[in-house]
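# Inside the fold
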There are 2 protein chains.
Amino acid sequence: MYIHAVSHYLPEQIVGNEHFTQLNGLSSDWIIERTGIVERRKAAPGENTNTMTLEVVRKLQEKVDLSTIDLIVGATYTPYDTIVSLAHEAQHYLGIPDIPVISVSTACSSLLNAIELVEGYFALNKASRALVIVAEHNTLYYNEQDTVSGHLWGDGAAALLITKERQSDADFAIKSLLTGGAAHTPKATTGVMMKPADGGVTMPHGRDVFINACQYMPKASLQAIERCGLTLADVDYILPHQANLRISRNVMNTLGLPEEKLISNIQRYGNTGCAGCAIALSEQWDTFQKGQRIVITVFGGGYSYGAMLVEV
Amino acid sequence: MYIHAVSHYLPEQIVGNEHFTQLNGLSSDWIIERTGIVERRKAAPGENTNTMTLEVVRKLQEKVDLSTIDLIVGATYTPYDTIVSLAHEAQHYLGIPDIPVISVSTACSSLLNAIELVEGYFALNKASRALVIVAEHNTLYYNEQDTVSGHLWGDGAAALLITKERQSDADFAIKSLLTGGAAHTPKATTGVMMKPADGGVTMPHGRDVFINACQYMPKASLQAIERCGLTLADVDYILPHQANLRISRNVMNTLGLPEEKLISNIQRYGNTGCAGCAIALSEQWDTFQKGQRIVITVFGGGYSYGAMLVEV
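Every value quoted in this text rests on a predicted model; they were computed, and no experiment measured them.

This brings us to helix α8 (residues 245–255) of chain B. The α-helix winds at 3.6 residues per turn, so residues separated by three or four positions along the chain end up facing the same way. Residues and elements named next belong to chain B. If you check which residues of α8 are buried, you get Leu-245, Ile-247, Ser-248, Val-251, Met-252 and Leu-255. When α8 is viewed along its axis, its buried side chains cluster within an angular range of 165 degrees and face the same direction. In α8, the exposed positions angled more than 90 degrees off the buried face are occupied by Asn-253 and Thr-254. Those residues of α8 hidden inside the fold are in contact with α2 (28–35), α7 (206–226), β11 (237–240) and α9 (266–269). The N-terminus of α8 is capped by Asn-244, whose side-chain oxygen sits 2.8 Å from the backbone nitrogen of Arg-246.

Below, the structure is given as structure tokens:
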């Protein structure tokens, strides 16, 4: 299984930390110290997960032919429409009939959940060229006045073309992939929530989310590495879920890896949910060298986690 | 792949057609003539897709041991929480760590989308005993004053234990399963929508939904039957998505099958979204005879469709 191409989209409007200073007195230094976030993007009126889907699909079309895709998997926890999902919006735009089209909602981990579903369709021989779209419109459902989490969230999207067979030397090979739910932990169902009709995005137990993210991402990363018969020394970069720079640094410390090996965009985009890692992968795509290995690891509310090792 | 057990839950409150007569003048006869619906269930305050999930999981536990499940797939387009999904709620309740847990949102077709994801996990040898939960809380997002679709919706849930290997003689074998998106059709993205932050459930093009449902469900059913090397004569029952009794009868007419072979519960429960077919399967479970074959076929907004042939 290979990642053949990736694209991303970020709304134009930049919201700096001073916005939250004005709203509720949080200083920019405090936000940066606690989260690493300097600014984030906010979708314009009329933008949503379905319009951002069209942006990333069009950008992907500039790189690759999407006319022969045979599976679409969308992912978001901040949906514009749960019936006409982002995946169906993409199918409508592409005009490809009678292929499996599904949408998943598995919090910030769902980039890897979506790719694992693709892996299943490939194993069934029900598909061989999959379009995966990840999009979040956090600002549709957040409370910006919330001093606990209002300043964390950003909007953005990405799209990936994933193929069963290698298409070119430049493809990134997916060498191992695992996902898991961690909802058995005591505060998993109350740590961070997104209730569309009852308060939107809230994070009553941010500390518990933090602690579990710091435990699960290193653990899952090591599992993904070991399944390839490799060790940490064989890994060039760690790309963790972009939730908080302190979490990312904690993951690197736990793994005993230097910060040069950390890929991070939370400083500029905030927490863009399940889109964050894919946006970073898209931004960095051309900078990777042949033979390099990247571990993408995610953790999300619910809780859920995953890790994927890719080789350039 | 086998369905080993199934359970269902319906909220206690019954809403008869007279409620809509009082609200907006629609007569019960008119509603019954147009939709077949006599009454539907409405979740109580405090009930939602996550609480209904716990109801069906507990009911399933009365029939089978769920302590060894290794995959949970939830499905809903009317979520209580898109981060703490119904699948994560189930994992939290069951207390089973480190298994894949995902949630899908693919409109009324997602019972079959969910089972196809299970099929993929089984093919990958990443799971062998899957809990599938389908739940809809339409009344959380509907506008009961809407004379086009307000009277259609009901709430309900179901859970299925699906296993890779046969567990008992009473298992229902899944002989073929297909799903597809039909979002390429002109009105697919505007026919029926569920925008949590922008109007909830609406159906501006009900006639287009009707027409496509009547085309896709027979077509998908025939494909599922042909893939087993069977013909319509080998099929004992058709269980279509419970959207409208006129659609169900139209499907039977198109297939040339008598109404005795139609399984229908829409009269009592309205359109319970992706839960409808599973609720009907659960209700009828003990009435099926060894060797009988049932085609479950679905159609949902977006659009999306599917068919599955099961053999008792």
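Now that the structure is up, let's keep going.
This paragraph deals with the relation of the copies chain B and chain A. Each of the two chain copies goes to the other by way of a rotation about an axis and a shift along it. Superposing chain B onto chain A takes a rotation of 180 degrees combined with a translation of 0.0 Å along the rotation axis, leaving an RMSD of 0.0 Å. Viewed as a symmetry operation, the transformation between the two copies matches a two-fold axis. Both copies share a contact surface, since 100% of the interface residues of chain B are interface residues in chain A too.

Attention now moves to the state of the cysteines. All names here are of chain B. Within this structure, the stated rule accounts for 0 disulfides over all chains. Between Cys-277, a free cysteine, and Cys-108, which holds the nearest cysteine sulfur, the sulfur-to-sulfur gap is 9.5 Å. Look at Cys-277 and you get buried, because its relative accessible area is 2%.

Here we come to the nonpolar core. If you look at the biggest cluster of nonpolar residues, it comprises 90 residues, and the most contacted ones within it are Ile-3 of chain A together with Ile-3 of chain B. Not counting chain neighbours up to four residues away, the residues in contact with Ile-3 of chain B comprise Leu-160, Leu-161, Ile-162, Asp-171, Phe-172, Ile-174, Leu-281, Trp-285, Met-308 and Val-310 of chain B.

Here the focus is the packing of helix α3 (residues 49–61) of chain B against helix α4 (residues 86–94) of chain B. All names here are of chain B. The geometry of α3 relative to α4 is characterised by a closest axis approach of 9 Å and an angle of 50 degrees between their N-to-C directions. Taken together, the axis directions place α3 and α4 in an arrangement best described as oblique. In terms of crossing hand, the pair formed by α3 and α4 is right-handed. Contact residues: α3 offers Thr-49, Asn-50, Thr-53, Leu-54, Val-57, Arg-58 and Gln-61, while α4 offers Leu-86, Glu-89, Ala-90, Tyr-93 and Leu-94. In the contact of α3 with α4, the residues fall into 6 nonpolar, 4 polar and 2 charged.

Further remarks concern the domain arrangement of chain A. Residue and element names in this part refer to chain A. Per the domain assignment, the segments of chain A are domain 1 (2–163) and domain 2 (172–311). Each partner contributes to the interface: domain 1 provides 49 residues, whereas domain 2 provides 44 residues. Both sides of the domain 1 and domain 2 interface together cover about 3700 Å² of buried area, and 68% of this is carbon and sulfur. Counting the contacts that link domain 1 with domain 2 gives 15 residue pairs in polar contact (both at pLDDT 80 or more). At the level of elements, β1 (2–9), α2 (28–35), β3 (39–42), α5 (110–123), β6 (129–137), α6 (138–141) and β7 (155–163) are the ones that each hand at least two residues to the side of domain 1 that touches domain 2.

Note that Thr-163 of chain B resides in strand β7 (residues 155–163). In contact with Thr-163 of chain B, other than residues within four places in its own chain, are Met-1, Tyr-2, His-4, Phe-122, Ser-128, Arg-129 and Asp-171 of chain B.

Right, let's get into the interface of chain B and chain A. Taken together, the contacts link 61 residues of chain B with 61 residues of chain A. Summing both partners gives a buried area of about 4700 Å² for chain B against chain A, and 58% of it is carried by carbon and sulfur. Of all residues in chain B, Thr-82, Ile-83 and His-92 of chain B bury the most surface against chain A, accounting for 14% of the area lost on that side. Put simply, chain B and chain A have 4 salt bridges between them. Across the pair Glu-119 of chain B and Lys-126 of chain A runs a salt bridge whose closest N-O atoms are separated by 2.8 Å. Counting every contact that joins chain B to chain A gives 38 residue pairs in polar contact (both at pLDDT 80 or more). Taken together, the elements giving at least two residues each to the side of chain B that touches chain A come down to α4, β5 (101–104), α5 (110–123), α6 (138–141), β8 (172–181), β9 (193–195), α7 and β13 (304–311) of chain B. The element contributing the most residues to the side of chain B that touches chain A is α5 of chain B, with 7 residues. For the side of chain B that touches chain A, a count of residues per class yields 32 nonpolar, 20 polar and 9 charged.

Rules used throughout
- Residues numbered from 1 in each chain as written.
- Chains lettered and ligands numbered in written order.
- Predicted model: local features only at pLDDT ≥ 70, side-chain atom pairs only at ≥ 80, totals over all residues.
- Heavy atoms only, no water.
- Buried < 20%, exposed > 50% of the residue type's maximum accessible area, 1.4 Å probe, protein only.
- Helix = DSSP H or I, 4+ residues; strand = E, 2+ residues; numbered from the N terminus.
- Arc of directions from axis to C-beta.
- Contact = heavy atoms within 4.5 Å.
- Polar contact = N/O pair within 3.5 Å; in protein donor to acceptor, adjacent residues only side chain to side chain.
- Least-squares fit on C-alpha atoms with pLDDT ≥ 70 in both.
- Disulfide = S-S within 2.5 Å.
- Core = buried A, V, L, I, M, F, W, Y, C linked by side-chain atoms within 4.5 Å.
- Axes fitted to C-alpha atoms, helices over the stretch in contact; angles between N-to-C directions.
- Parallel < 35°, antiparallel > 145°, perpendicular 65-115°, else oblique.
- Left-handed = near helix turned anticlockwise from the far one by under 90°.
- Nonpolar A, V, L, I, M, F, W, Y, C, P; charged D, E, K, R; others polar.
- Domains from an automatic or database assignment.
- Buried area = accessible area lost by both parts, 1.4 Å probe.
- Salt bridge = Lys/Arg side-chain N within 4 Å of Asp/Glu carboxyl O.

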